[in-house]
Amino acid sequence: MSCILALDQGTTSSRALVFDHGGTVVGLAQKEFRQLFPRPGWVEHDGDEIWASQLGVAVEAIARAGLTAADIAAIGITNQRETTLVWDRQSGRPIHHAIVWQDRRTAGACDRLKAEGHESLFRERTGLVLDAYFSGTKLAWILDNVPGARARAERGELAFGTMDAWLVWNLTGGGRHLTDATNASRTLLYNIHDGRWDPELLEILRIPETLLPEVVASSEVYGETAGGVFPASIPIAGIAGDQQAALFGQVCDRPGMVKNTYGTGCFMLMQTGERPVASRNNLVTTVASRIGGRTEYALEGSIFVAGAAVQWLRDGLGIIRSSGEVEALAAQVKDNGGVYLVPAFAGLGAPHWDPYARGALFGLTRGSSAGHIARATLESIAFQTADLLAAMEADSGIRLTELRVDGGATANDLLMQFQADLLGVPVIRPRVTETTALGAAYLAGLAVGFWRDRAELEKLWQAERTFTPAMDRDRVGQLRERWNRALERAKGWDADGA
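All values reported here derive from a predicted model rather than from experimental measurement. (Residues numbered from 1 in each chain as written. Predicted model: local features only at pLDDT ≥ 70, side-chain atom pairs only at ≥ 80, totals over all residues. Heavy atoms only, no water.)

Caption draft 1: Inspection of the overall build of the protein chain at higher detail. Looking only at helices and strands, the protein chain features 16 helices and 23 strands. In terms of overall dimensions, the protein chain is globule-like: its C-alpha atoms have a radius of gyration of 22 Å, near the 23 Å expected for 498 residues. For the protein chain, the C-alpha atoms occupy an extent of roughly 60 × 50 × 45 Å along the three principal directions. Put simply, the protein chain has 498 residues, and 61% of those count as buried. Residue pairs at least 24 apart in sequence account for 73% of intrachain contacts in the protein chain once pairs closer than 6 positions are excluded. Of the accessible surface of the protein chain, which amounts to about 18,000 Å², a share of 49% is contributed by carbon and sulfur atoms. Each charge class in the protein chain was averaged separately, 49 positive and 59 negative side chains, and the resulting centres sit 3 Å apart. (Helix = DSSP H or I, 4+ residues; strand = E, 2+ residues; numbered from the N terminus. Rg over C-alpha atoms; globule rule 2.2 N^0.38 Å. Buried < 20%, exposed > 50% of the residue type's maximum accessible area, 1.4 Å probe, protein only. Contact = heavy atoms within 4.5 Å. Areas by Shrake-Rupley, 256 points an atom, 1.4 Å probe, with all protein chains shown as cover. Lys, Arg positive; Asp, Glu negative; His and termini not counted. Charge placed at Lys NZ, Arg CZ, Asp CG, Glu CD.)

Caption draft 2: Quick peek at the sheet that holds strand S21 (residues 403–406). Taken in spatial order, the seven strands line up as S17-S18-S16-S15-S21-S22-S23 in an open sheet, and their pairing is mixed. Lying at the two open borders of the sheet, with one neighbouring strand each, are strand S17 (284–291) and strand S23 (463–467). Strand-to-strand twist across the sheet, computed as the mean angle between neighbouring axes with direction ignored, equals 30 degrees. By the bridge criterion, four bridges tie strand S22 (residues 427–430) to S23 in an arrangement that is antiparallel. Within the sheet, the bridge partner assigned to Pro-430 lies in S23 and is Ala-463. Sheet contacts for helix H12 (residues 370–396): strand S15 (258–262), strand S16 (266–273) and strand S18 (294–303); angle to S18, the most-contacted strand, approximately 140 degrees. (Pairing = 2+ DSSP bridges. Axes fitted to C-alpha atoms, helices over the stretch in contact; angles between N-to-C directions.)

Caption draft 3: View of the environment of Glu-209. Note that Glu-209 resides in the loop between helix H8 (199–205) and strand S12 (214–216). Judged by its relative accessible area of 44%, Glu-209 is partly exposed. Separated by 53 residues in sequence, Glu-209 and Gly-156 place their C-alpha atoms 9.0 Å apart.

Caption draft 4: Representation of the sheet that holds strand S14 (residues 235–241). Taken together, six strands build an open sheet; the order of strands is S3-S2-S1-S5-S14-S13 and the sheet is mixed. If you trace the sheet from one side to the other, it starts and ends with strand S3 (25–32) and strand S13 (219–224), each paired once. Averaged over all pairs of adjacent strands, the angle between strand axes in this sheet comes to 25 degrees, irrespective of strand direction. On top of the sheet, helix H1 (residues 47–64) reaches strand S1 (3–9), strand S2 (13–19), S3 and strand S5 (72–79); it is set at about 30 degrees to S2, its chief contact.

Caption draft 5: Summary view of the pattern of salt bridges. In this structure the tally under the stated criterion is 42 salt bridges. Between Glu-82 and Arg-186 there is a salt bridge, with the nearest N and O atoms lying 2.8 Å from each other. One end of the pair, Glu-82, is in the loop between S5 and strand S6 (85–88); the other, Arg-186, is in the loop between helix H7 (181–184) and strand S10 (190–191), with 104 residues separating them in the sequence. Exposure remark for Glu-82: the relative accessible area of 2% places this residue in the buried category. A salt bridge links Glu-296 to Arg-454, with the shortest nitrogen-to-oxygen separation between them at 3.3 Å. Of the two residues, Glu-296 sits in strand S18 while Arg-454 sits in helix H15 (residues 454–460), which places them 158 residues apart along the sequence. One salt-bridge network, held together by shared partners, links Arg-81, Glu-82, Arg-186, Asp-242 and Glu-300. (Salt bridge = Lys/Arg side-chain N within 4 Å of Asp/Glu carboxyl O.)

Caption draft 6: Molecular detail of the environment of Pro-343. As for its placement among the helices and strands, Pro-343 is situated in the loop between strand S19 (340–342) and strand S20 (360–362). Linking Pro-343 and Ala-447, residues 104 residues apart in sequence, is a C-alpha distance of 40 Å. Residue contacts for Pro-343: discarding those within four places in its chain leaves Val-305, Ala-309, Gly-359, Ser-380, Gln-384 and Trp-483.

Caption draft 7: Structural view of the packing of H12 against helix H13 (residues 413–423). Close contact between H12 and H13 brings their axes to 9 Å; oriented N to C, the two are set at 40 degrees. Taken as a pair, H12 and H13 cross one another with a handedness that is right-handed. Packed against H12, whose contacting residues are Arg-375, Leu-378, Glu-379, Ile-381, Ala-382, Phe-383, Thr-385, Ala-386 and Leu-389, the element H13 presents Leu-414, Leu-415, Phe-418, Gln-419, Leu-422 and Leu-423 at the interface. For the contact of H12 with H13, the residue count by class is 11 nonpolar, two polar and two charged. (Left-handed = near helix turned anticlockwise from the far one by under 90°. Nonpolar A, V, L, I, M, F, W, Y, C, P; charged D, E, K, R; others polar.)

Caption draft 8: Spotlight on helix H10 (residues 307–317). Taken residue by residue, H10 has Gly-307, Ala-308, Ala-309, Val-310 and Leu-313 as its buried positions. As for H10, its buried residues are in contact with helix H11 (326–330) and H12. Looking one or two places after H10, you find Gly-318, whose phi comes out positive at around 70 degrees.

Caption draft 9: Representation of the side chain of Thr-162 in the model. Tracing the chain through its elements places Thr-162 in the loop between strand S8 (158–161) and helix H6 (163–171). Sequence-distant contacts of Thr-162, that is, excluding residues within four places in its chain, are made with Asn-79, Glu-82, Thr-83, Ser-135, Thr-179 and Asn-183.

Caption draft 10: Local environment of the pairing of S2. In terms of burial, S2 is a largely internal element, seven of the seven residues being buried. What you see with S2 is no split at all: Ser-13, Arg-15, Leu-17 and Phe-19 on one side and Ser-14, Ala-16 and Val-18 on the other are buried throughout. Bridging between S1 and S2 involves six bridges; their strand directions are antiparallel. Pairing of Ile-4 across the sheet is with Phe-19, part of S2. Joining the antiparallel neighbours S1 and S2 is a turn of three residues. Sheet topology places S2 next to S3; seven bridges connect them, and they run antiparallel.

Caption draft 11: Quick look at the nonpolar core. Counting 89 residues, the largest nonpolar core has Leu-139, Ile-207, Leu-211, Leu-212 and Leu-403 as its most contacted members. Among the elements that line this core, the one with the most residues is H12, at eight residues. In contact with Leu-212, other than residues within four places in its own chain, are Leu-139, Phe-160, His-177, Leu-189, Trp-197, Leu-202 and Ile-207. Leu-5, Val-57, Leu-178 and Ile-234 belong to the second-largest nonpolar core, a separate cluster that totals 38 residues. (Core = buried A, V, L, I, M, F, W, Y, C linked by side-chain atoms within 4.5 Å.)

Caption draft 12: Examining the packing of aromatic side chains more closely. A full pass over the atoms with the stated rule returns 18 aromatic pairs. Ring centres of Trp-87 and Trp-169 lie 5.7 Å apart, and the angle between their planes is 65 degrees; on these two criteria the pair is classed as edge-to-face. One end of the pair, Trp-87, is in strand S6; the other, Trp-169, is in helix H6, and 82 residues separate them in sequence. The pair Trp-87 / Trp-169 is uniform in exposure class, with both members buried. By the ring-pair criterion, three or more aromatic residues cluster together here, those being Trp-101, Tyr-133, Phe-134, Phe-267, Phe-304 and Trp-353. Its end group placed over the ring of Trp-42, Arg-105 keeps NZ or CZ at 3.8 Å from the ring centre. In this structure, Arg-404 is placed above the aromatic ring of Trp-461, and the distance from its NZ or CZ to the ring centre is 3.7 Å. (Phe/Tyr/Trp six-rings, centres within 6.5 Å; stacked < 30°, edge-to-face > 60°. Lys NZ or Arg CZ within 6 Å of the ring centre and 35° of its normal.)

This is the structure in structure tokens:
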């Protein structure tokens, strides 16, 4: 058994990567799938399309590595979290499109729950803020709005899952309905202290427990692929939500270590060890991993729109043909020219949590160019990250000494340098930037003995480049002050629902 297969089911594409024992990618395949926008603020995916694309790239990645299924020691799964799917247990078919984590349709329901006085209970039990971002209110919406769904759920005919559970269900031919603790901790339904689905929260949201998957560890053998999925059966042995997988892949295994992933959204996690740290600054407390009976926790801040803002330049404005062109366009100007983009296309996440904020572009003059807009777009990602870090340092009492980064946008040197300038600490890009998939591979490999222990994994991590701060701190202060002014103007824009 020469390699580990990682399935990386993301928000805009399904990917599969094959890793060798050194943690090097030896095979990779990727396929984008449709983003469905039935109404403003609503975002959906086709569950069947996701499964078909994920299986297709898995087969392709194994072939590109020059291997067969028999050469794969185990499968690790990492996934877009919070995206909610309900399917028929008998047919295995979804009863509705998946409601994506970016979807804001349940913002009003969250407001009602807050008005009823439930907010502190949800935060205390789950570590999360009561927001439409998480799965619980999405699941309740499906039960309330798909004809017959609630009655069928109460009869035990339906299954709920995030994308990890959906993939495991299909990989095992319907044999296993499970999710790991990291994904469970993102649902608003899971008590992170007791390590179980919380009956009181289920009652508040009117969700039958029969819908829910079994909660398992992040690293253990859950079963094998069913006959016909691959030419040979492969153990499924690791699962983690994408951001927890990236934390594990970056080997942030000691309290105070921080990673930031630059993907469709942007996600910063600080390892806090076996102690869940309650946030006073609008971050969330989440399960980082559960391995061998030991649960570790993290503080997390989530930015809804990061790389998706660059996609907007490509698909919405048409000022670039591919996302990779944004750096060259932004480099055509020496600074942002006073232009600031607040990319609140799906509201604002941490630490603001404003579902009614909307995207806004400020500071335009006749001298503003496509280059300024491109630069403002990249800088918006770094500004949002700096806001997160300030909240995280305040919660933890730990001053950051370095930031480990990963995700597609880390290839953008202009963005990484600006990020280091804003934060005033080194930003370290690892040799293997596919750390989300790598984390899933590590979890699976540990379960089957492909790697001995976490100490062995730590030796595999290597820096590719370190970006050191170079900007004058007074200039940084001026930039952040203007960003904050733009931010305040974008907040609450759609509060009246107009």
